[in-house]
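Chain by chain, the residues:
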Amino acid sequence: MADRVTVIGWDGSPLTASARSALAAATLVAGAAHHLALPEVPPAAERVRLGSLGLAARRIAGHRGTAVVFADGDPGFFGVVRALRAPELGLEVEVVPAVSAVAAAFARAGMPWDDAQVVVAHPRTLRRAVNVCRAHSKVAVLTSPGAGPAELALLLGGVHRTFVICEELGTDKEQVTVLTSDKAADHSWRDPNVVIVIGGQPAAGDPAWLLGQSAAQSGGRGWARPQIDVGEGESAQLRAAQLARLGPRTGDLVWDIGAGSGALAADAAALGAAVIAVDADPRACERTTAAARARGVQLQVIAGRAPHVLEDLPEPDVVRVGGGGAEVVAAVADRRPERIVSHASTRDEAEAIGRVLTEGGYAVECALLQSVALDTRTWTEQQRSVVFLLAAERPVNRPDRT
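(A) Expanded view of the overall build of the protein chain. Looking only at helices and strands, the protein chain has 14 helices and 17 strands in total. By principal-axis analysis of the C-alpha atoms, the protein chain measures approximately 85 × 45 × 45 Å. Counting only residues that meet the buried cut, the protein chain has 48% of its 402 residues in that class. A sequence separation of at least 24 residues applies to 61% of the contacts in the protein chain between residues at least 6 apart. Surface exposure of the protein chain reaches about 19800 Å², of which carbon and sulfur atoms provide 52%. Where the 40 positive side-chain charges of the protein chain centre and where its 45 negative ones centre are 2 Å apart.

Set out below in structure tokens:
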């Protein structure tokens, strides 16, 4: 086991006295190529190129001597410290911090970042990172090869954003480029880079008190608010049950098909998810846009009739089918989202939807919901709603159809 492991954050500034002292005593130095080329690295020290953090951490743990690990920016912020602190390694780690790449990027842009979302994009997490960029007006993306600015731009598709791309921060090759997302895919970008993604209308409200917390998330308690109900099948009680079954969260993409008033779409966006709201009625699209603006959230509204309009949409995680019946539910099930909710006004319609979902390999539950609104001044009935709620979940041990 290594006698001591010191992690040195590097932001291009001269090394501190403590960093130089640790480096002088090192018998193993791990880092990227530009770290290992620093003149302070002892010539006799073993040099390890960092690739897989897990493999490098195990190699460092097995070293007999004193190890130093270099990391760009703050090594405790989405960095190597987490891998080295894994309990099974049993390493004692000292950290010499530096300015994080995210802080440096926002400093170059002259922007505050206490209200920003910060995500790491690898090829396996790229889609979720893009969904965060869809859902929020300010996001910092720590990229990786195969999940860089060009890939972000391509997956954003028709969602317009401004990119601030910071390449090789802290080096003599540092470059900051500002351009719209539709042009980012036309360039080659150097690694490492940080992308600040900006777009949409920032949520109004009090300044953030929690890192990354937007006004839409921190204010306006509750969801499924009754005062914005519009149309059949849009009761607050039904929406609350549908949201509970869907469980939208940050990194998800929600389809709301037959958005109606836009209330459920706005609620899902306020919970942190990216949302695409679809409706064939132009007035419903206008109401949905207004609901999002009133709630201070980002969402994409598409005018069109399902199922045909769904063909070109990005893959969803959860879907609410508010209209279109079994035909639309079948088209949605073919896209294999994790969860689907719908509702029906008759038992025959509920059975048809349930049958389609079951045949698609989903576990289906159905409940008859009845709600009665009362005037609390006279305690007389104002409105009654009776509806079948269907909720379907794709079994985790069942592979998706190809």
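Okay, back to it.
(B) Spotlight on the nonpolar core. Residues W255, I257, L310, V321, V332 and I340 are the most contacted members of the largest nonpolar core, which totals 27 residues. Those elements giving two or more residues to this core turn out to be β11 (253-257), β12 (274-279), β14 (318-321), α13 (325-333), β15 (339-344), α14 (347-359) and β17 (380-393). For this core, the element with the most residues is α13, which contributes four residues. Beyond its immediate sequence surroundings of up to four residues, I340 is in contact with V319, V321, V332, A333, L357, Y362, L390, A391 and A392. Grouped together as the second largest cluster of nonpolar side chains are 21 residues, A121, A147, L156 and V195 included.

(C) Representation of the packing of aromatic side chains. Scanning all chains against the criterion turns up three aromatic pairs. When the ring of F106 is compared with that of W113, the centres are 6.0 Å apart and the planes differ by 10 degrees; the resulting orientation is stacked. The buried category is assigned to F106, whose relative accessible area is 0%. Of the residues examined, W113 reaches a relative accessible area of 25% and is grouped as partly exposed.

(D) Broad picture of the pattern of salt bridges. The full count for this structure, using the stated rule, is 17 salt bridges. When the shortest N-O distance is used, the salt bridge between E393 and R339 registers 3.8 Å. Taken as a pair, E393 in strand β17 and R339 in strand β15 lie far apart in primary sequence, 54 residues in all. Salt bridges linked by common partners bring R128, R249 and D252 together as one network.

(E) Molecular detail of a nonpolar patch on the surface. A cluster of nonpolar side chains, V372, L374 and W379, forms an exposed patch at the surface whose accessible area comes to about 310 Å². Structurally, W379 can be placed in the loop between β16 (363-375) and β17. Residue classification places W379 among the exposed positions, given a relative accessible area of 59%.

(F) Representation of helix α1 (residues 17-24) in the model. Turning to α1, its buried residues are A19, A22 and L23. Projected down its long axis, α1 carries its buried residues within an arc of 100 degrees, all on one side. Set apart from the buried face of α1 by more than 90 degrees, the exposed residues are A17 and A24. Considering only its buried residues, α1 is in contact with β1 (4-10), β2 (28-31), β4 (66-72) and β5 (93-96).

(G) Summary view of the pairing of β11. The buried fraction of β11 amounts to five of the five residues, a majority that puts the element mostly inside the structure. The two faces of β11 match: L253, W255 and I257 on one face and V254 and D256 on the other face are all buried. On the question of chirality, the crossover connecting β11 to the parallel β12 by way of helix α11 (residues 263-270) is right-handed. In the sheet, β11 pairs with β14 via four bridges, with the strands oriented parallel. When the bridges of β14 are listed, W255 appears paired with V319.

The rules behind the values
Residues numbered from 1 in each chain as written. Predicted model: local features only at pLDDT ≥ 70, side-chain atom pairs only at ≥ 80, totals over all residues. Heavy atoms only, no water. Helix = DSSP H or I, 4+ residues; strand = E, 2+ residues; numbered from the N terminus. Buried < 20%, exposed > 50% of the residue type's maximum accessible area, 1.4 Å probe, protein only. Contact = heavy atoms within 4.5 Å. Areas by Shrake-Rupley, 256 points an atom, 1.4 Å probe, with all protein chains shown as cover. Lys, Arg positive; Asp, Glu negative; His and termini not counted. Charge placed at Lys NZ, Arg CZ, Asp CG, Glu CD. Core = buried A, V, L, I, M, F, W, Y, C linked by side-chain atoms within 4.5 Å. Phe/Tyr/Trp six-rings, centres within 6.5 Å; stacked < 30°, edge-to-face > 60°. Salt bridge = Lys/Arg side-chain N within 4 Å of Asp/Glu carboxyl O. Patch = residues over 30% accessible without salt bridge, like charges linked within 9 Å, V, L, I, M, F, W, Y side chains within 5 Å. Arc of directions from axis to C-beta. Right-handed = clockwise from strand over helix to strand, strands pointing away. Pairing = 2+ DSSP bridges.

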